[in-house]
Amino acid sequence: MTTEHTRLVAALRELRAGAGLSLAALAERTAYSKSSWERYLNGKSLPPRQAVRELCRLANEPDGRLLALWEIAEPHWSGRATTSASAPAPPADEPPQPRKAAPPAGTRRRPARGRLLLALTSAYTVIVGGAAALLFVLLPDSEAQEEGPPPSAIPFSLAPLCHGAACEGRDPMRLICGIGPDTLASHRTATGAHVELRHSKKCGASWARTWGTEIGDRLDVTAGGPTHEVRIGTKDDAAAFMYTEMTEVGPGSTVRACFRPATADAERECFEARVGGTTTTGPRGLDTAGGE
């Protein structure tokens, strides 16, 4: 399984776990069977684009980020990414042919019918083959094709790829820490954005995520060490989940998230949560210390 596919699977599993949806519930409320969802969520098969949208709909979450991950993973899964990068080798040079004696003077030269027939046959083969390949690309995937993993599928693990200090400053989705995390605290900002402090016991790390944002908004997280920030830079960012990088935490650590709206006159809003404890905030969730 490619890195791109792994990131998509991790995001899908996190979304499903957060929404409390069982495989049976997914099968009942979508057009895809329980066995299909099992393959999608375990990385055995790439889900159709519509299945990703359906899961986002059921979880009541924006689908922009998940669809972006799907768009990146699909070419690698289908092989189009490698096919387009490679071109067929040019044919070897033909060996030199012996020269034939020129026909006697006054003799009319007849066309080489064999060569003409060969050329026409080759052109027909290329045209038919190209049309067949085009139809293959344009035909939608069927459920029957998805019933079994491709021959090249190999076993894989979705175990976290880092722990503690090794997770510091790294992507929680790429390192498989985003599967089934705990939500330490959540906050609704004055601008309407949602912010959550997330924690992975298996990774020994926390991070913050946000959605419902505007271009220019910023979110950072710290647990007494380095501060990691994410900025909303595009419309796609604003329509999707955005995550900070991870920070190392241990039992009893205090994790702090600060949201800075893009509006110049808006105040930044901070809140804290203790790993294994409760949420603490300033008045109305505003940072009482102020400043940057």
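Predicted model, so just to flag it, every value in this text is computed and none were measured.

A. Structural view of helix α4 (residues 49–58). Turning to α4, its buried residues number three or more, namely A51, V52, E54, L55, C56 and L58. Those residues of α4 that are buried are in contact with α1 (3–19), α2 (23–29), α3 (34–41) and α5 (64–78).

B. Looking closely at the side chain of R198. Here R198 is to be found in strand β2 (residues 194–200). Side chain to side chain, R198 and E14 meet in a polar contact 2.6 Å long. A distance of 2.4 Å separates a polar atom in the side chain of R198 from a polar atom in the side chain of T183. Other than its neighbours up to four places away in sequence, R198 contacts E14, P181, D182, T183, A205, S206, W207 and R209.

C. Highlighting the pattern of salt bridges. Within this structure, the stated rule accounts for 12 salt bridges. Here E38 and K44 are joined by a salt bridge, their closest N and O atoms 3.1 Å apart. A residue is classified by how much of its surface remains accessible, and E38, at 25% relative accessible area, is partly exposed. The exposure class of K44 is partly exposed, given its relative accessible area of 38%. For E71, the salt bridge goes to R49, with nearest N and O atoms at 3.0 Å.

D. Quick look at the packing of aromatic side chains. Evaluation of the coordinates by the stated rule reveals 5 aromatic pairs. Taking 6.1 Å as the distance between ring centres and 85 degrees as the angle between the ring planes, the aromatic pair formed by Y32 and W37 counts as edge-to-face. When its relative accessible area of 1% is taken as the criterion, W37 is described as buried. An angle of 80 degrees between the planes, with centres 5.6 Å apart, marks the rings of W37 and Y40 as edge-to-face.

E. Representation of unusual backbone geometry within the structure. Phi is positive for N60, which is not a glycine, with a value near 55 degrees. You will see that I176, though not glycine, has its phi angle at about 60 degrees, which is positive. Looking at the secondary structure, you find I176 in the loop between α8 (143–146) and β1 (182–188).

F. Quick look at the state of the cysteines. This model, assessed by the stated rule, comprises 3 disulfides. Through a disulfide, C177 is tied to C203; the S-S separation comes to 2.1 Å. Its S-S torsion of approximately -95 degrees makes the covalent link between C177 and C203 left-handed. One end of the pair, C177, is in the loop between α8 and β1; the other, C203, is in the loop between β2 and β3 (205–211), with 26 residues separating them in the sequence. Assigned by exposure class, C177 and C203 land together as buried. Disulfides within the chain link the bonded cysteines, taken in sequence order, as 1-2, 3-4, 5-6.

G. Highlighting empty space enclosed by the protein. Counted by the stated rule, this structure contains 1 cavity of 30 Å³ or more. The space that makes up the largest cavity amounts to roughly 40 Å³. What lines the largest cavity is simply A11, E14, L15, R65, L66, R209, F241 and Y243. Per-element accounting of the lining of the largest cavity gives the leading share, 3 residues, to α1. Per-class residue counts for the lining of the largest cavity are 5 nonpolar, no polar and 3 charged.

How each quantity is defined
- Residues numbered from 1 in each chain as written.
- Predicted model: local features only at pLDDT ≥ 70, side-chain atom pairs only at ≥ 80, totals over all residues.
- Heavy atoms only, no water.
- Buried < 20%, exposed > 50% of the residue type's maximum accessible area, 1.4 Å probe, protein only.
- Helix = DSSP H or I, 4+ residues; strand = E, 2+ residues; numbered from the N terminus.
- Contact = heavy atoms within 4.5 Å.
- Polar contact = N/O pair within 3.5 Å; in protein donor to acceptor, adjacent residues only side chain to side chain.
- Salt bridge = Lys/Arg side-chain N within 4 Å of Asp/Glu carboxyl O.
- Phe/Tyr/Trp six-rings, centres within 6.5 Å; stacked < 30°, edge-to-face > 60°.
- Disulfide = S-S within 2.5 Å.
- 1 Å grid on protein atoms, 1.4 Å probe; cavity = no way out; pocket = protein on both sides within 12 Å on 5 of 7 lines; lining within 4 Å.
- Points joined across faces, edges and corners; volume = space filled by probe spheres on them.
- Nonpolar A, V, L, I, M, F, W, Y, C, P; charged D, E, K, R; others polar.

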